[in-house]
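Analysis of the macromolecular model
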Amino acid sequence: MDTDANGLELSLFYDYDRCEECGDCLYRCQVMGLSREEARDEIRRLRRGEKTRFVDSRCASCYSCNVFCPNDCSPYGLILYRWYQRYQARGLPVRAQLAMPLEEVNFNTIARQHHTARERELVAGWERNASSPEAVAAAGGTVLYAGCNAQIFPCLLDTSMIGDLTVMGAQELCCGELYYRLGIMDVVARQARVLEERFRHLGIKRMYVFCTAGFNILSNVLPRQFGARFDFEILYFYDWLLQRVDAGETVFSHPWKGSAVVQESCHAKVLGRHYADVPRELMRRAGLEVVEMAHARELSVCCGAACGARAYNPIDMGLQSLRQWREARDSGADRMVAYCATCLLLLHMGRILRPTRMPLYHLMEALMQAAGEEANHDLVASRARYIFTRIMARGAPRMVTPKRVRL
Ligand code: SF4
Ligand code: SF4
């Protein structure tokens, strides 16, 4: 059985013994387009740790194969583990550092350069709360975790809809999701220890998590695969928000007219149907007719963000984002809504590559507008443009250097 010096065994990520090499997972994959025989051969190669024919050049890192496996073996975990071994052997090209939230310069620190004065004030408060057991105690131990998703676009949480929730978040409290999706498992393991210690020190009793990715990582991935012990409740923020709507604490006084197509979160697929249903229900309550892409729910494909994982190549990310836009336009909906802010960022970047008239909103923007609040839609789009141009400027020279790093 594969193991490594960090104690991260393959068995933590993939059930080797229950796998029957049936190939269903890769045969049903909506991205790679394999025949049954190719799928069987590819899973055998992955199991043996051999060079793959398709995964390293086509896999979009979308998580769906985990849902397709009838034996619950987590074949996506097997892919991630092979990428972890690749990283261990060869390191990471320097261009990939810009996507790593714990690096000195990355998309998140670039986003901060574009924050408004109001957003800087919000984030400073979140950081103070993330270091203050007193602030957490004053909130009765209940916090709203703002990971990098919220830190890119703090304006999404600048709303009366969050009530009196105490928001906490800081760059060093990254949940590790992006590292996980790239198979940089030793950093995820380190991050699990950092979070365990900080959350214990803060005395957290209940945590709502704003983004679906962060919720899956904190409630499932870190405890099950990295042994993190979080001895408090971890809850989905959108469940809480829907309860507030039910209780009449949030009222959509300015309901939308028309329809919106949904960009799925990869993490909602593995969390279960409920986690994709709740954002849709909130959209309906806000007056939107919900439209699905041709590939929706467990068949949905990544916005593009995780597509960089297979070859650490931003071009793969851009091309996948364009595919999502094509599906969105083909749906005939009036607009697109993403409930993950990283999807929002990638899709806004995609429309820079190929402009489209279809409007794009984050779910929070759509809800704020329906609640009669002013959502700064232009700010979100201009932030995506700002990050895109800065990353292109910094990333272009890195595309051609053979230099590799370890994190
Ligand atoms: S991981 Fe599951 S679906 Fe894939 S080959 Fe093994 S048993 Fe079949
Ligand atoms: S992660 Fe997605 S793209 Fe990659 S093999 Fe699995 S289903 Fe296919």
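Residues numbered from 1 in each chain as written. Chains lettered and ligands numbered in written order. Predicted model: local features only at pLDDT ≥ 70, side-chain atom pairs only at ≥ 80, totals over all residues.

1. Digging into the sheet that holds strand β6 (residues 259-263)
Within the open sheet, the 4 strands sit side by side as β7-β6-β8-β9. Their pairing is parallel. Taken across any chain shown, the strands that pair with only one partner, and hence form the sheet edges, are β7 (289-291) and β9 (360-362). Put simply, the sheet's adjacent strands are angled 35° from each other on average, direction ignored. Note: strand β8 (residues 335-338) against β9, 3 bridges, orientation parallel. By the bridge assignment for β9, V337 is matched with Y361. The strands touched by helix α18 (residues 363-370) within the sheet are β8 and β9, with β9 carrying the most contacts at an inclination of about 85°. (Pairing = 2+ DSSP bridges. Helix = DSSP H or I, 4+ residues; strand = E, 2+ residues; numbered from the N terminus. Axes fitted to C-alpha atoms, helices over the stretch in contact; angles between N-to-C directions. Contact = placed C-beta atoms within 7 Å.)

2. Overview of the domain arrangement of the protein chain
Assigned domains within the protein chain: domain 1 (12-90), domain 2 (94-244) and domain 3 (250-392). Spacing between the C-alpha centres of domain 1 and domain 3 amounts to 27 Å. In this assembly, 13 residues from domain 1 lie in contact with 15 residues from domain 3. Listed by contribution, the elements that provide at least two residues to the side of domain 1 that touches domain 3 are α3 (55-58) and α4 (64-68). Among the elements that line the side of domain 1 that touches domain 3, the one with the most residues is α4, at 3 residues. Looking at the side of domain 1 that touches domain 3 residue by residue, the classes come out as 7 nonpolar, 5 polar and 1 charged. (Domains from an automatic or database assignment. Nonpolar A, V, L, I, M, F, W, Y, C, P; charged D, E, K, R; others polar.)

3. Brief notes about the site of ligand 1
C19, E20, E21, C22, G23, D24, C25, I43, C69, N71, C73 and P75 make up every residue found near ligand 1. A per-class count over the shell around ligand 1 returns 7 nonpolar, 2 polar and 3 charged. (Near = placed C-beta within 6 Å.)

4. Overview of the pairing of β8
Pairing of β6 with β8, which is carried by 4 bridges, proceeds in the parallel orientation. Opposite V261, over in β8, you have M336 as the bridge partner.

5. As for the pairing of strand β4 (residues 206-209)
Bridge count between strand β2 (residues 142-145) and β4: 4 bridges; the pairing is parallel. What sits directly across from V143, in β4, is M207. Inspection of the sheet shows β4 paired to strand β5 (residues 233-236) by 4 bridges, in the parallel sense. In the sheet register, Y208 faces β5, and the bridge partner there is L235. Of the crossover connections in this fold, the one passing from β4 over helix α12 (residues 212-226) to the parallel β5 is right-handed. (Right-handed = clockwise from strand over helix to strand, strands pointing away.)

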